[in-house]
Amino acid sequence: MDLDAITKYSALHAKPSGLILQYGTAGFRTKAEHLDHVMFRMGLLAVLRSKQTKSTIGVMVTASHNPEEDNGVKLIDPLGEMLAPSWEEHATCLANIEEQDMQRVLIDIGEKEAVNFQQDAFVVIGRDTRPSSEKLSQSVIDGVTVLGGQFHDYGMLTTPQLHYMVYCRNTSDQYGKATIEGYYQKHSKAFVELTKQASCSGDENRTLKIDCANGIGALKLREMEHYFSQSLSVHLFNDGTKGKLNHLCGADFVKSHQKPPEGMEMKSNERCCSFDGDADRIVYYYQDADGHFHLIDGDKIATLISSFLKELLLEVGESLSIGVVQTAYANGNSTRYLEEVMKVPVYCTKTGVKHLHHKAQEFDIGVYFEANGHGTVLFSKFAEMKIRQLAKELEDNKRKAAKMLENIFDLFNQATGDAISDMLVIEAILALKGLTVQQWDALYTDIPNRQLKVKVADRQVISTTDAERQAVTPPGLQEAINGLVKKYRLSRAFVRPSGTEDVVRVYAEADSQESANSLAYEVSLAVFQLAGGIGERPQPRF
Ligand code: NG1
Ligand code: ZN
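Bear in mind that the values here come from a model prediction, so they are computed numbers and not experimental data.

1. Observations concerning the site of ligand 1
Residues in contact with ligand 1 amount to 14 residues; listed here are only the nearest, Glu 370, Ser 498, Gly 499, Thr 500 and Arg 505. Here Arg 505 contributes a side-chain N or O atom positioned 2.6 Å from an oxygen atom of ligand 1. In isolation ligand 1 offers 430 Å² of accessible surface; the protein chains occlude 91% of this area.

Have a look at this one:
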C-alpha cells in the first residue's frame, strides 16, 4: 500500500468539514456536490473488499428515484448482493473520518477483515445519467487506482445491469456473459422463447407504454428493443430528451402520488408502466373508460408472478417450495389474497431489499417485491437443476411447463430487482394467460392507503420491532398509534425512520381513502409530538 500516494490523492478529494454521512439501505445519498470525497473513499473500500473476497466488486453511482441534483454510491458484493453489514460500518467510518486519519483507518479495516494487501483487486463501475455522475465515477476510479486495484468502467448502466455484471464475473460467465450484449441476449432469448408458447401470440401485436423517468432505462431499452421486438413493441416516454430525471414521473412518483406521470399519452385501458431513475423498480397502471387511474404495484406484480409459478409447478408435479416475501408496506389485501386464495406462504421483513433478498433465499423459489416495485424471483441451485432436468425429461404439456419455468429462471435477475427483466416476465405471463391489465388488476382490490413523511430532530429516537410494524421507542408512541387505529375500520398504521432520507415515514390503511388520509395525518401528529418534530406541524391536506 503506497500510503504517501493515498494521502496525496485523498487531499485532491477533500471532505467538506462537518459533513457526516451514513451508509444506509441504498448506500450513501445526498446532494451531488457533497459526494466527491465519498466516491474516492468508496473506490478505496471496494479494493479492500475485492482483496478480501478475492472477487470482483461493483460500485454503482446513482441516487435512483431521488432528484437529479442528488447522487449516491453503493457497493455490490460478489454474488450481486448488497454489501455485507460489517462493511457498511467500514463504509460509514471511512466516509466520515478526517484526512489525517485515512491511513490509520485503512490499515485498521485491513487488519479487522484479514485483508491480504498483496492480493489482486478488481472493481467494476457503473453510473446513471445524472450530469454529476461522470465526474463522480471518475473519483471512484481514482480511489481504486491509488490502492493498486484494476477496474472496468461500464459507463452508463442500469443498477441491475451492474449487479448482473458482478454476478457473471464471479461465476466465470456461467450465469451469463458480463457484457451489455450478454445481458440483452440472455434476457431477450428467454423472453422470446417464453412468449412463443402463448396461444394468442401473433394475433395481436403486443405493445407497452413505458415511462422511463427520464433516466437510464430509456437508453438501455432503446439499445435492447430490437432483440425482443418480434414479441413486444415498447413505446418509450420520458426518455430523457426533454424532461428532468424523476421530475413528475417515474415509478416512485406514480406510486407515491397514485397518479399518472407527466409526459405520458395514456388512452383508456392501455397497459402502461413506469421505471425509476436507475431502472430497478417498476409499477404498472392504466386509466379506465371513466378516466379513473388504477395502480398495479409491486404487491400485485408479486401476486401475478407467484400464481403463475405455482400453476407451472403443479403442472410439472414437482413439490419445490415457494414463498413470497413482503414488507410492512405491502397492501393488507395482497397478503390476504396470497395466503387465503393462493395458499402461498407470505413472510414480512424489514424494509430494504437486502432483507427481502435474504429471506427469499430460504425457499426453492423465493418471490420478493416491495410495494414500490422493487423485486425479483430467486431460484435455489437445487430448483435450477431440477427445472433444467425436468425440461429435458418430461413430455408434452409437462415438458412445456418445465420449459417455461426454465425461461422464467433465465429471465429473472438473480442478483437484484430489475425493471427490465421484471417487465419482460410480466409481459410474457400476461400473454401466456391471455390476461388484460384490467383482469390482472381485478385479482384483488387494494385497501385505500396513504404514506406521509414527518420531519423530526433525530429520527433514530424511533426504534421498531416485528418487521417494523411496532414502535418500541419513544415511549407512548405505539400506544398512541393503537388508539388512533381503533377509530377506523380495516385499519392498520406504522411508523419507521427512513433509511434513505432524513424523515420518519408514516403508513396508514383504512376502509376508505378519506379514512386512510386522516389516520395517516393523525399518526403524523403523534410522531411530531412524541418523537421531537421540527418545522411545520403536519397538516391535514394531501
Ligand atoms: P426508506 O427511505 O428506508 O423508506 C426507500 C424505500 C425502500 C427501498 C429504499 C432504497 C419505501 C417506503 N421505502 O427506503 O423500499 O426501496 O428506499 O431505494 O418505499
Ligand atoms: Zn432505483
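2. Brief notes about the UniProt feature "domain: Alpha-D-phosphohexomutase alpha/beta/alpha" (unreviewed entry) in the protein chain
When the UniProt feature table is mapped onto this chain, "domain: Alpha-D-phosphohexomutase alpha/beta/alpha" (unreviewed entry) is found at residues 51–90 and 118–166. The span residues 118–166 is 45% helix and 27% strand, and its two end C-alpha atoms sit 22 Å from each other.

3. A look at the coordination of the zinc ion (ligand 2)
Taken together, the protein ligands of the zinc ion (ligand 2) are Ser 64 (OG), Asp 276 (OD), Asp 278 (OD) and Asp 280 (OD), with distances of 2.0 to 2.1 Å. Geometry at the zinc ion (ligand 2) is irregular, judged from the four donor atoms that bind it and their angles of 88 to 169° at the metal. Of note, the donors binding the zinc ion (ligand 2) are all from one chain and are spaced S-x211-D-x1-D-x1-D. Residue Asp 276 shares its accessibility class with Asp 280, and that shared class is buried.

4. Looking at the packing of aromatic side chains
With the rule as written, the count across this model stands at 15 aromatic pairs. A centroid spacing of 5.2 Å and a plane angle of 85° characterise the contact between Tyr 164 and Tyr 183, whose relative ring orientation is edge-to-face. With Tyr 164 in helix H6 (residues 159–170) and Tyr 183 in helix H7 (residues 180–196), this pair connects stretches of sequence that are 19 residues apart. Ring geometry for Tyr 337 and Tyr 444: centres 5.6 Å apart, planes at 40°, overall tilted. Highlighted residues: Tyr 337 in helix H11 (residues 332–341) and Tyr 444 in the loop between helix H16 (437–441) and strand E15 (449–454), separated in sequence by 107 residues. The buried category is assigned to Tyr 337, whose relative accessible area is 14%. Since its relative accessible area comes to 6%, Tyr 444 is described here as buried. Here the aromatic residues Tyr 164, Tyr 167, Tyr 175, Tyr 183, Tyr 184 and Tyr 227 are joined through ring pairs into a cluster of three or more. Cation over ring: Lys 186 sits above Tyr 175, and NZ or CZ is 4.2 Å from the ring centre. Stacked on the ring of Tyr 444, the Lys or Arg Lys 300 has its end atom at 4.6 Å from the ring centre.

5. Some points on the sheet that holds strand E11 (residues 322–327)
With respect to topology, four strands assemble into an open sheet ordered E12-E11-E13-E14, the strand pairing being mixed. Each edge of the sheet is formed by a strand with only one pairing partner; in this case those strands are strand E12 (346–349) and strand E14 (375–379). This sheet shows a mean twist of 20° between the axes of neighbouring strands, independent of strand direction. Bridge count between E11 and strand E13 (residues 365–369): four bridges; the pairing is parallel. By the bridge assignment for E13, Val 325 is matched with Tyr 368.

6. Digging into the sheet that holds strand E2 (residues 56–61)
Across the sheet, five strands lie side by side as E1-E3-E2-E4-E5; this open sheet has mixed pairing. If you trace the sheet from one side to the other, it starts and ends with strand E1 (28–31) and strand E5 (150–156), each paired once. The average angle at which neighbouring strand axes cross in this sheet is 15°, direction not considered. Contacting E2, strand E3 (70–76), strand E4 (122–127) and E5, helix H5 (residues 133–146) crosses the sheet at an angle of about 175° to E4.

7. Some words on the UniProt feature "domain: Phosphoacetylglucosamine mutase AMG1" (unreviewed entry) in the protein chain
The UniProt entry lists residues 178–283 and 297–434 under the feature "domain: Phosphoacetylglucosamine mutase AMG1" (unreviewed entry), expressed in the numbering used here. In residues 297–434, helix accounts for 59% and strand for 14%; the two terminal C-alpha atoms are 20 Å from one another.

8. Some thoughts on unusual backbone geometry
Put simply, Thr 473 and Pro 474 share a cis peptide bond, and its omega is -5°. Relative to the helices and strands, Pro 474 resides in the loop between strand E17 (470–473) and helix H17 (477–485). A positive phi angle, close to 55°, is found at Asp 396, a residue other than glycine. Among the residues examined, Asp 396 registers a relative accessible area of 65% and is labelled exposed.

Conventions and cut-offs
- Residues numbered from 1 in each chain as written.
- Chains lettered and ligands numbered in written order.
- Predicted model: local features only at pLDDT ≥ 70, side-chain atom pairs only at ≥ 80, totals over all residues.
- Heavy atoms only, no water.
- Near = heavy atom within 4 Å.
- Polar contact = N/O pair within 3.5 Å; in protein donor to acceptor, adjacent residues only side chain to side chain.
- Areas by Shrake-Rupley, 256 points an atom, 1.4 Å probe, with all protein chains shown as cover.
- UniProt positions renumbered as here; feature names shortened; annotations may be inferred.
- Helix = DSSP H or I, 4+ residues; strand = E, 2+ residues; numbered from the N terminus.
- Donors = N, O, S within 2.8 Å, 3.2 Å for Na, K, Ca; no water.
- Tetrahedral: all angles 85-135°; square planar, octahedral: opposite > 155°, others 65-115°.
- Buried < 20%, exposed > 50% of the residue type's maximum accessible area, 1.4 Å probe, protein only.
- Phe/Tyr/Trp six-rings, centres within 6.5 Å; stacked < 30°, edge-to-face > 60°.
- Lys NZ or Arg CZ within 6 Å of the ring centre and 35° of its normal.
- Pairing = 2+ DSSP bridges.
- Axes fitted to C-alpha atoms, helices over the stretch in contact; angles between N-to-C directions.
- Contact = heavy atoms within 4.5 Å.

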